[in-house]
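A structural walkthrough
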Amino acid sequence: MLKIEIDGKQVEVENGTTIIDAADQLGVAIPRFCYHKKLSVAANCRMCLVQVEKFNKPLPACATPVADGMKIFTRSKSAIEAQKSVMEFLLINHPLDCPICDQGGECDLQDVAVAYGGSGSRYTEEKRVVFNKNIGPLVSTDMTRCIQCTRCVRFLKEVGGMQELGLVGRGEHAEITAYVDKSVDSELSGNIIDLCPVGALTSKPFRYSARSWELTRRPTIAAHDGLGSHVEVHVKNDRVMRIVPREKESINECWLSDRDRFSYDGLNSPERLTKPMIKHHGEWHETDWKSALEYAARQINETVEEDPAGLGFLVSPNATMEEGFLAKKIARALSCGNIDHRLRRSDFRLDGRFHGTPWMGCNIADVQKMDRILVVGSNLRNEHPLLTQRIRRAVADGAELSMVNPMNDDQLIKVSHQAICSPNDIVNVLAQILKAMSGLQRLSLCLPKSISDLLEGVVVRENSQAIAESLAGHGKELDLINPKSALFLGNIAQYHPRYAEIYTLAEAIASLCGATFGVLFESSDRVGLDMVRVIPGQGGLNARTMLEQPRKTYVLLNVEPEFDCANPAVANAAMEKAECVIALTAYKSSALENADVLLPIAPFTETSGTRMSMEGRVQSFAAAVKPLGECRPAWKVLRVLANTLDLDGFNFESSEQVKTEVFGGEKPSTVVWNRLNNNLRILFDVKVQEKTNVLQRLGEVPQYLMDSVVRRSGPLNKTKQVAEPVAGMNAKLMAELGVQEGDLVVVKQGIGSAKLKVKLDAGLAKGTVRVPTGYDLTSSLGELMGEIEVAKA
């Protein structure tokens, strides 16, 4: 620790601390533009100049480390003159257009100019003009206002992983620009809006829609992935105008993914359902809540009287814990065990084998402290943008990242070892890694005979051996109490038809090397809904079986079957065969054309509730705006539906009361940590499946098509991540099929087919065809990783 003095105040700071950090700790304000605590030091704006005793010129506080006994003066005559001089130079070419600038009212340059700027300018020459750049549908540019602080440049390189913006020119001719004919395509690009201290980079969807002082700020939790990011909803006239990050160091730090930032546009979609509707003779008719709920209750009662098993509940994995709990409680009260939220899962053979609720296995902040990470079946940037940047920083600090995937997409991270294999071969690769690991550790697990027999015949390939050696620490002594290695399963692994075997082998590998083992879930409340047991009861059917064996009546909670289920074709067929489909939904769309009654529910900004992130963090939130039209929070709709069904135990007045019953009146953290557990009671039997000359589909969900709200965000749908679907394949497969890039092919799965353009995807494994889901064009196809036929159109 070093003792220093700032403006006469004594303070102790750690060795290596800069003057600006020390001043921030002491609460002494030093103006700055280029400095940001999460970015490297550039020291190019010079606004933070301060006087230091025994130095004959002012020093930049952001780039000057403190020394023992140092005396610093931030408000001395010398310091203030230096800061005012810098301010004058910054304003020489800056346009005086604050009244029309979208940054007005929340501009750092405005604030600092009031304190350090002059009453007039001595500069009488013509100001320079910089042409604006089109860097995509999310960020608007007014580059004449840019002061070249380079925060945006450093963010995209250091946090985003790729330098999509850069500084060209010198002196007065310096300007920030993108590469020729390139846009900023980072999934974190919206953060440069927050970082820009002036009005050079602003939100294109929000542009000219409201002034900052007109907005009411309300805190909530992001609802589109398992991270549980803290966000702030800005509201005007009971309408969500924009969403920005709230700082939470242990979760999202001060960043936000574009998916969470710009999804709000979907809240104001013209497809919003604002009144209950009932279908009569194939035509939709608006009705009142009482009639709609009585109609739904009558259909449910008729089904239950005939056979409770004829009823099926499908719940969105983004539903709150309260919503899932009430849906489960209704199902149980009706003696129906058919309820599930794992809609995109195709393999349920692990049901009943878990000791507790599967989760991430560690805290989010712990990821960047790892020095060895193995990710199985995950397109990280597509699935978890903010978690990916933590892995990126871990690798930058020396960690080794290994991946087992059916594709070699650029994650903008250095990958030390990887095995690119077809989806069918992921199990075989994990078996090789397990065999190599058992040889390295000279340990034995109590493995089922099928796994032991499997390992005897496994030949370990070079890349599998390298992954095992990396995860084992290259012979280093392992810290089993505080492991620094981790093994994570991603969405591709979870959607896999052999997920049970993948999970079993992954758990065995992690156990051998003492690694943290966990699952990176796609949705905002997957862990919470599992803990609330929104899964089949005894004798009940899982989501896949409910659709393959159509029920008489379905209750859908915020689900669009053709986009949200593992097998869109089967889901559509099941809805067509059902006698009644009751949909609790925020939208009226073609995806629910087979429904019979639509009950309008409020999206995440219009309701209160609780979600549990993939790290097991329980987070409650309140509504930011009033429900639109006659929409009602889903928990209220479920409560009244239960009352209409004459079920007991549904006298809840608030979501807080439901939450209390969810956790049995105990403190949530106590319940959570007693139940989170990734271990299997019994390891699953693993068998070799040799399939040759078979094309297998890789059916990913693009990140901006993950759920109903994001799907309707206009700005996100204009990005390159949501281009028209194509059939991706490597050059060898294209040659075998006799097609070239841009040709049309007919893709068949079961009775469904789609005509798609061919795209060269050099990173795809042998025998793999990449066909995304979530599009109208591919909604007639089958399983996300099923066998597929491709022929030239």
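Residue numbers here run from 1 along each chain, matching the order of that chain's written sequence. Whole-chain, interface and lining totals are the exception, using all residues; otherwise, since this is a predicted model, local features are given only for residues with pLDDT of at least 70 and side-chain atom pairs are given and counted only at 80 or more. Only hydrogens and water are set aside when side-chain values are computed; all heavy atoms of the structure are taken into account.

What follows concerns the overall build of the protein chain. The secondary structure content of the protein chain amounts to 25 helices and 32 strands. Against the 2.2 N^0.38 benchmark of 28 Å for 793 residues, the protein chain shows a C-alpha radius of gyration of 28 Å, consistent with a compact globule. Dimensions of the protein chain, computed from C-alpha atoms along their principal axes, come out at roughly 90 × 70 × 60 Å. The burial tally for the protein chain puts 60% of its 793 residues in the buried class. Element-wise, carbon and sulfur atoms account for 48% of the exposed surface of the protein chain, whose accessible area totals about 32200 Å². Distance between charge centroids for the protein chain: 3 Å, based on 93 positive and 99 negative side chains. We count a stretch as a helix when DSSP gives it H or I for four or more residues in a row; a strand needs E for two or more, and each element gets its number in order from the N terminus. Put simply, the radius of gyration uses C-alpha atoms, and a globule should come to 2.2 Å times the residue count raised to 0.38. We call a residue buried when its accessible area falls under 20% of the maximum for its residue type, exposed when it is over 50%, and partly exposed in between, using a 1.4 Å probe and counting protein chains only. Only the protein chains shown count as cover for residues, with accessible areas throughout obtained via the Shrake-Rupley method and a probe of 1.4 Å. We score Asp and Glu as negative and Lys and Arg as positive, and we do not count His or the chain ends. Charged groups are reduced to one reference atom each: NZ for lysine, CZ for arginine, CG for aspartic acid, CD for glutamic acid.

For the rest of this paragraph, the subject is the UniProt feature "domain: 4Fe-4S His(Cys)3-ligated-type" (unreviewed entry) in the protein chain. UniProt positions are given in the numbering used here, feature names are shortened, and annotations may be inferred rather than shown by experiment. Under the local residue numbering, the UniProt record ascribes the feature "domain: 4Fe-4S His(Cys)3-ligated-type" (unreviewed entry) to residues 78–117. Taken end to end, residues 78–117 is 60% helix and 0% strand, and its first and last C-alpha atoms sit 16 Å apart.

This part covers the packing of helix 8 (residues 321–333) against helix 20 (residues 634–644). Where helix 8 contacts helix 20, the axes come no closer than 9 Å and their chain directions differ by 15°. As summarised for this structure, helix 8 and helix 20 are arranged roughly parallel, according to the angle between their axes. Classified by chirality, the crossing of helix 20 by helix 8 is left-handed. Packed against helix 8, whose contacting residues are Glu323, Leu326, Ala327 and Ile330, the element helix 20 presents Ala634, Trp635, Leu638 and Ala642 at the interface. Every axis in this analysis is a line fitted to C-alpha atoms, fitted for helices over the stretch in contact. Angles between the N-to-C directions lie between 0 and 180 degrees. Throughout, the term roughly parallel applies to angles under 35 degrees, roughly antiparallel to angles over 145, roughly perpendicular to angles from 65 to 115, and oblique to all others. Handedness of a helix crossing follows the sense of rotation of the near helix relative to the far helix, less than a right angle counterclockwise being left-handed and clockwise being right-handed. In this description, contact between two residues means that some pair of their heavy atoms is separated by no more than 4.5 Å.

All of the buried residues in helix 13 (residues 462–472) are Ser464, Ala466, Ile467, Ala468, Ser470, Leu471 and Ala472. A positive phi of about 90° marks Gly473, the residue just after helix 13.

We now examine the nonpolar core. For the purposes of this section, nonpolar cores are sets of buried Ala, Val, Leu, Ile, Met, Phe, Trp, Tyr and Cys residues that join through side-chain atoms within 4.5 Å. If you look at the biggest cluster of nonpolar residues, it comprises 168 residues, and the most contacted ones within it are Leu165, Val404 and Leu489. The leading source of residues in this core is helix 15 (residues 499–513), at 11 residues. With residues up to four places along the chain from it excluded, the contact list for Val404 reads Leu374, Val375, Val376, Gly377, Ala419, Cys421, Ile426, Val429, Ile433 and Ile467.

Structurally, the position occupied by Glu522 is in the loop between strand 21 (516–519) and helix 16 (526–531). Under the rule applied, a polar contact is a pair of N or O atoms within 3.5 Å (in protein, one hydrogen donor and one hydrogen acceptor; residues adjacent in sequence only if both atoms are side-chain atoms). A polar atom in the side chain of Glu522 sits 2.4 Å from the side chain of Tyr495. For Glu522, the contacting residues outside a window of four places in its chain are His224, Asp225, Gly226, Arg344, His384, Asn491, Tyr495 and Met706.

Taken together, 7 strands build an open sheet; the order of strands is 14-13-24-23-22-15-16 and the sheet is mixed. At either margin of the open sheet sits one strand with a lone partner, and together these are strand 14 (283–286) and strand 16 (339–340). Strand direction decides the pairing type here: strand 22 (residues 553–557) and strand 23 (residues 580–585), joined by 5 bridges, are parallel. Along strand 23, the bridge assignment pairs Val555 with Ile582. Only when DSSP finds a minimum of two bridges between them are two strands counted as paired.

Spatially, the 5 strands line up as an open sheet ordered 2-1-5-3-4, and their pairing is mixed. Of all strands in the sheet, those bounded by a partner on one side alone are strand 2 (9–13) and strand 4 (59–60). In this structure, strand 3 (residues 49–52) lies alongside strand 5 (residues 71–73), joined through 2 bridges in antiparallel fashion. Bridging from a neighbouring strand, Val52 pairs with Ile72 of strand 5. Of the strands in this sheet, strand 1 (2–6), strand 2, strand 3 and strand 5 touch helix 1 (residues 19–26), which is tilted by about 115° from strand 2. Across the face of the sheet, helix 2 (residues 77–92) comes into contact with strand 3 and strand 5 while running at roughly 160° to strand 3.

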